[in-house]
Amino acid sequence: MSAAWSVAAGLLLVLLWVRHRGLEAVLVHHRWLFVCLFLLPLSLLFDIYYQLRAWAVRSLHSAPRQHEQRVRHIQQQVQEWKNEGSKRYMCTGRPGWLTVSLRVGKYKKTHKNIMINLMDVLEVDSERKVVRVEPLVTMGQLTAHLNPMGWTIPVVPELDDLTVGGLIMGTGIESSSHIYGLFQHTCVAYELVLADGSLVRCSPTENSDLFYAVPWSCGTLGFLVAAEIQMVPAKKYVKLHYQPVRGLQKICEKFTEESKKKENSFVEGLVYSLDEAVIMTGVLTDEAEQSKINRIGNYYKPWFFKHVEKYLKADKTGTEYIPSRQYYHRHTRSIFWELQDIIPFGNNPVFRYLFGWMVPPKISLLKLTQGEAIRKLYEQHHVVQDMLVPMKTLEKSIQTFHDDLNVYPLWLCPFILPNNPGMVHPKGDEAELYVDIGAYGEPKRKQFEARASMRQMEKFVRSVHGFQMLYADCYMTREEFWDMFDGSLYHKLREQMNCKDAFPEVYDKICKAARH
């Protein structure tokens, strides 16, 4: 009873302090308090609900039956839009704060919202080595479903809450992408409801133009209702080797060398300063040295990027065996390294042991509660960007990131980019090795100004025939945007399928110059 009174008294003091300081001031300057007291418990409840729901659907085998009914409901909503005179653009009815993208889409308020409640795994076809899923299935949900069956997917993008639909309509990448390409390149078919209400399946051999145009289109060609993704056999562990490297030239040479080796199941680099990095290479295995097993996903373990940094500080190589599913989601608990700006003491052992089981807070809830003051603060003083550039430009690109942003760590992830039709492909006629450079955090460059600095960065990326991930803030003009991306197939299909009155152009949906 005394403990309950203590907790109640503590909460009362906190509320009085919040009232005294003002809610907005607390949310801006002491956000960790709000996150720890409210968002972490709420995030945990969200996770429990969705896990129970997925278990129930799987146990009752109800997903395939409900899928057809839900798709018909989507078609009916599109027909209603047509009957109303097609006066407004359409978009999904999913609230903007629920997406992992940092943008909160204002278009949701003016467009016709089509409710799409599709969040289940539909079928696991072991003979074809394909899993059929609905678009709101998350990476955490999918690996939890497949791993006990002995399967996984070739490219498992980092964060648990990333959805299949977002990774197809946007893009996704992982440290296995030097072998398999981007997430879209592991998909074998899509099912969409088009602007006329029809249900269409597309693949490399069936409606192939649509199949290649869908990735990066951000839902402006139709509503994705299902996708078929390749599966590969799962193994128990990833044997991960850590290699500290010093000197920018040596970092780039080592990273390029390892990225070209197909015997590496995984390749990843964390750059901690302009001339310090740790290059990691991994192979899948079922056997492990028990003394070297590191269950890095356990809630009390150090955040992964901090664990990796120990090898750099000690200036020594190392090898560990990480359970494969924990490896796939190794950056989830710390949201890469973003959580250190929200909960500065989050990697403290005491916090990890007492509260780490509730980490991380849902990105969607962080967005929902950030308020206008925090949004503007983040927009002007915080960077979350992924730039995809040819591997041959890596050294020049890291130097440019340093000069224009000075954000560390930088995430390096290699991928092979095939010469397929669509918005994103190499400049030449053959597949080319690219690298994703991810910058997440507060720029340390003096006189950093978000718009001017990012426009400078975008200009550089265009000059090397690179691409900007579209989940992040984009400052390009329309002409610059279509200089970066190949819009030939996309615009052709928008014309053919009468999309111009049904969906906004992708540029108008995602670029700041179009939205402001």
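Residues numbered from 1 in each chain as written. Predicted model: local features only at pLDDT ≥ 70, side-chain atom pairs only at ≥ 80, totals over all residues. Heavy atoms only, no water.

Under the annotation held in an unreviewed UniProt entry, the protein chain carries the name Delta(24)-sterol reductase and is attributed to Upupa epops. Entered under Cofactor (unreviewed entry) in the UniProt record, the comment concerning the protein chain runs "FAD". As its UniProt record puts it under Sequence similarities (unreviewed entry), the protein chain is described as follows: "Belongs to the FAD-binding oxidoreductase/transferase type 4 family." (UniProt positions renumbered as here; feature names shortened; annotations may be inferred.)

## Quick word on the overall build of the protein chain
Assigned secondary structure in the protein chain consists of 21 helices and 17 strands. Summarising its shape, the C-alpha atoms of the protein chain cover approximately 60 × 60 × 50 Å along the three principal directions. For the protein chain, restricting intrachain contacts to residue pairs at least 6 apart in sequence, the fraction spanning at least 24 positions comes to 74%. Taken as a whole, the protein chain presents about 23,000 Å² of accessible surface, with 54% of it coming from carbon and sulfur. Each charge class in the protein chain can be summarised by its mean position, and for the 62 positive and 56 negative side chains these summaries are 5 Å apart. (Helix = DSSP H or I, 4+ residues; strand = E, 2+ residues; numbered from the N terminus. Contact = heavy atoms within 4.5 Å. Areas by Shrake-Rupley, 256 points an atom, 1.4 Å probe, with all protein chains shown as cover. Lys, Arg positive; Asp, Glu negative; His and termini not counted. Charge placed at Lys NZ, Arg CZ, Asp CG, Glu CD.)

## Notes on unusual backbone geometry
Residue P360 is reached from V359 by a cis peptide bond, and omega for that bond is 5°. Residue P409 follows Y408 across a cis peptide bond; omega there is 0°. Mapped onto the secondary structure, P409 falls in the loop between α16 (394-404) and β15 (410-417). Positive phi outside glycine occurs at N207, with the angle close to 50°. Secondary-structure assignment places N207 in the loop between β7 (199-202) and α8 (208-213). The class of N207 is partly exposed, set by a relative accessible area of 43%. Although it is not a glycine, D315 adopts a positive phi angle of roughly 55°. Inspection of the secondary structure assignment puts D315 in the loop between α10 (304-314) and β13 (318-323). (Buried < 20%, exposed > 50% of the residue type's maximum accessible area, 1.4 Å probe, protein only.)

## Considering the sheet that holds β15
With respect to topology, eight strands assemble into an open sheet ordered β13-β10-β12-β11-β15-β16-β14-β17, the strand pairing being antiparallel. Among the strands making up the open sheet, the edge pair consists of β13 and β17 (467-468). With six bridges connecting them, strand β10 (residues 237-246) and β13 associate as antiparallel partners. By the bridge assignment for β13, Y242 is matched with G318. (Pairing = 2+ DSSP bridges.)

## Here's the deal with the pattern of salt bridges
Scanning the model with the defined rule gives 26 salt bridges in all. Note that D120 is salt-bridged to R53, the shortest N-O span being 2.6 Å. With D120 in the loop between β2 (112-114) and β3 (121-125) and R53 in helix α3 (residues 31-60), this pair connects stretches of sequence that are 67 residues apart. Here D120 matches R53 in class, with each residue buried. Here E174 makes a salt bridge to R330, at a shortest N to O gap of 3.0 Å. Here the residue E174 occupies a position in the loop between α6 (164-169) and α7 (177-180), and R330 occupies one in the loop between α11 (324-328) and α12 (339-342), the gap between them amounting to 156 residues. Ionic contacts of the salt-bridge type, sharing partners, join the residues R128, R201, E206 and E228 into one network. (Salt bridge = Lys/Arg side-chain N within 4 Å of Asp/Glu carboxyl O.)

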